[in-house]
Amino acid sequence: METGNVAEGWRTEIAGVIVAVADLIARIILSEVEAAREKQNILAKMYMKLEQDKLEKAMAPYIGAVVFLSFTGKEVNGKSIEGIVRSAGIEPEDRFLKFAASLNFENSIIAYAPAVYFLKVVRREITAENVMAVVGAMGKSTDEKIARHVLDIYSMQSAASKKSAEIGFEERMISSVREAATMLSKIMLIELDRTFEKKDIADHIGKGFIPYLAAVGTLVYAGEDIDAVGAEKFYRYIAAMVEAVGVAADKSMLEYVSSFNYGSSGFVYVSAAYYLKSIGMNVDIRQVMAVVAASGENPDEATAGFVLTIYKDYNKV
């Protein structure tokens, strides 16, 4: 097969994987929110005091905050939820905060989704052990129970996507994650196209570049892009990830990755924009930066502006 065709084949495959990871992340968060809610009786008591429509509208900022925090890999607790809700200009109510804070699932779970597809791209067996090896290489805590849970969701992904059952409240709330992840995938595809436009890309693919490129995308989805963790740690993670799947880290390949000057994906800004959209708030640069700041990040106006330009074009605002 000609080298150009090989490169195009990889471009097509990786583009599909970027979109698939977005959907798996949404399904993982939905599963966690539903499971946590089923363990509680607070919601039942709330239903007795409020009509369902009013309750769902009132709870949306809180559930949305949980979704936003978990999607961006932040700790989910009462304080972090309260900060996000306040950043949207809403005065928190104690009963809703308590319920939302009870949805305190493992915040590193999101890293498991891109790890699954990393293994798929590099042609390694998708097992709990291999998933944990990749997650651990990204500096995240590992748990076999979580890995197996994510693999169960992954194995049911195709069947679940064919369901046309009635859409519940959590499913509607989680749509913000699916939309955010889909928009993030659009940004990543821009970078992917830029990568595959490089004249020597086919030669480097032949020398084993794909695991390094896949590691970059995996880190972005895990909330560990280069601006978030710094260049030194970012490239150290890439080396650890390729070694986790049995590839000896190659200095020349790491230097080739760095030649693309991959910058911030705008991950947290994309998520903030869709959080605001999901609760009916105005999506502007001031509000987005307020949510980002409340998440513990130091907001950058240039990055926020870049993301909002793509957001408005994508949503035809």
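Residues numbered from 1 in each chain as written. Predicted model: local features only at pLDDT ≥ 70, side-chain atom pairs only at ≥ 80, totals over all residues. Heavy atoms only, no water.

Participant: Lay out the pattern of salt bridges in plain terms, naming residues and giving numbers.
Facilitator: The full count for this structure, using the stated rule, is 14 salt bridges. Glutamate 13 is the salt-bridge partner of arginine 123, the closest N and O atoms lying 2.6 Å from each other. Taken together, the positions of arginine 123 in the loop between helix H6 (112-121) and helix H7 (128-137) and glutamate 13 in helix H1 (residues 3-38) put the pair 110 residues apart, joining distant regions of the chain. Residue class for glutamate 13 comes out partly exposed when judged on its relative accessible area of 25%. Within the structure, one salt-bridge network assembled from shared partners comprises Glu82, Arg86 and Glu91. (Salt bridge = Lys/Arg side-chain N within 4 Å of Asp/Glu carboxyl O. Helix = DSSP H or I, 4+ residues; strand = E, 2+ residues; numbered from the N terminus. Buried < 20%, exposed > 50% of the residue type's maximum accessible area, 1.4 Å probe, protein only.)

Participant: Provide a residue-level description of the nonpolar core, including the pertinent values.
Facilitator: Ile81 and Ile238 are the most contacted members of the largest nonpolar core, which has 120 residues in total. Excluding its chain neighbours within four sequence positions, the residues that come into contact with isoleucine 81 are Tyr62, Ala65, Val66, Leu69, Val76, Leu97, Ala100 and Ala101. (Core = buried A, V, L, I, M, F, W, Y, C linked by side-chain atoms within 4.5 Å. Contact = heavy atoms within 4.5 Å.)

Participant: Lay out the packing of H7 against helix H8 (residues 144-155) with the relevant residues and their values.
Facilitator: It is the contact of H7 with H8, at a shortest axis distance of 9 Å, that shows an interaxial angle of 115 degrees. Overall, the two elements H7 and H8 adopt an arrangement that is roughly perpendicular. The handedness of the crossing between H7 and H8 comes out as right-handed. Between H7 and H8, the residues in contact are Ala128, Glu129, Val131 and Met132 and Glu144, Ala147, Arg148 and Leu151, respectively. (Axes fitted to C-alpha atoms, helices over the stretch in contact; angles between N-to-C directions. Parallel < 35°, antiparallel > 145°, perpendicular 65-115°, else oblique. Left-handed = near helix turned anticlockwise from the far one by under 90°.)

Participant: Lay out helix H12 (residues 210-221) with the relevant residues and their values.
Facilitator: In an α-helix, one turn spans 3.6 residues, which is why side chains three or four residues apart end up on the same side. Counted at 1.5 Å a residue, the expected span for H12 with its 12 residues is 16 Å, and the 17 Å between its end C-alpha atoms agrees. Judged by how many residues are buried, H12 sits mostly within the fold: 12 of 12 residues are covered. Within the sequence span of H12, burial applies to Ile210, Pro211, Tyr212, Leu213, Ala214, Ala215, Val216, Gly217, Thr218, Leu219, Val220 and Tyr221. (Expected span 1.5 Å × (residues − 1).)

Participant: An account of the environment of tyrosine 62 is requested, with residue identities and associated values reported.
Facilitator: Considering the arrangement of structural elements, one finds tyrosine 62 in helix H3 (residues 52-71). Sequence-wise, tyrosine 62 and isoleucine 279 are 217 residues apart; in three dimensions their C-alpha atoms are separated by 9.5 Å. If we ignore the near neighbours within four places in the chain, the residues touching tyrosine 62 are Ile81, Val85, Glu91, Pro92, Glu93, Phe96, Leu97 and Ala100.

Participant: Account for the packing of aromatic side chains, with residues named and values stated.
Facilitator: In total, this model carries nine aromatic pairs according to the counting rule given. Measuring from centroid to centroid gives 6.1 Å for phenylalanine 68 and tyrosine 275, while their planes differ by 35 degrees, and the two rings are tilted. Highlighted residues: phenylalanine 68 in helix H3 and tyrosine 275 in helix H16 (residues 267-278), separated in sequence by 207 residues. Owing to a relative accessible area of 3%, phenylalanine 68 belongs among the buried residues under this scheme. (Phe/Tyr/Trp six-rings, centres within 6.5 Å; stacked < 30°, edge-to-face > 60°.)

Participant: Could you give an account of the side chain of threonine 303, with specific residues and numbers?
Facilitator: If you trace the backbone, threonine 303 turns up in helix H18 (residues 301-315). Not counting residues within four places of it along the chain, the set of residues in contact with threonine 303 comprises Ser264, Gly266 and Tyr269.

Participant: Please give an account of the environment of histidine 149 that cites residues and values.
Facilitator: By the secondary structure assignment, histidine 149 is in helix H8. Not counting residues within four places of it along the chain, the set of residues in contact with histidine 149 comprises Ser31, Glu32 and Ile109.

Participant: I'd like a rundown of unusual backbone geometry, residues and numbers included.
Facilitator: At arginine 123, a residue that is not glycine, the phi angle is positive and equals roughly 60 degrees. Backbone geometry at asparagine 261 places phi at a positive 50 degrees, although glycine is not the residue there. Take asparagine 261: it is sitting in the loop between helix H15 (251-258) and H16.

Function cannot be inferred from these measures alone, as they are strictly geometric.
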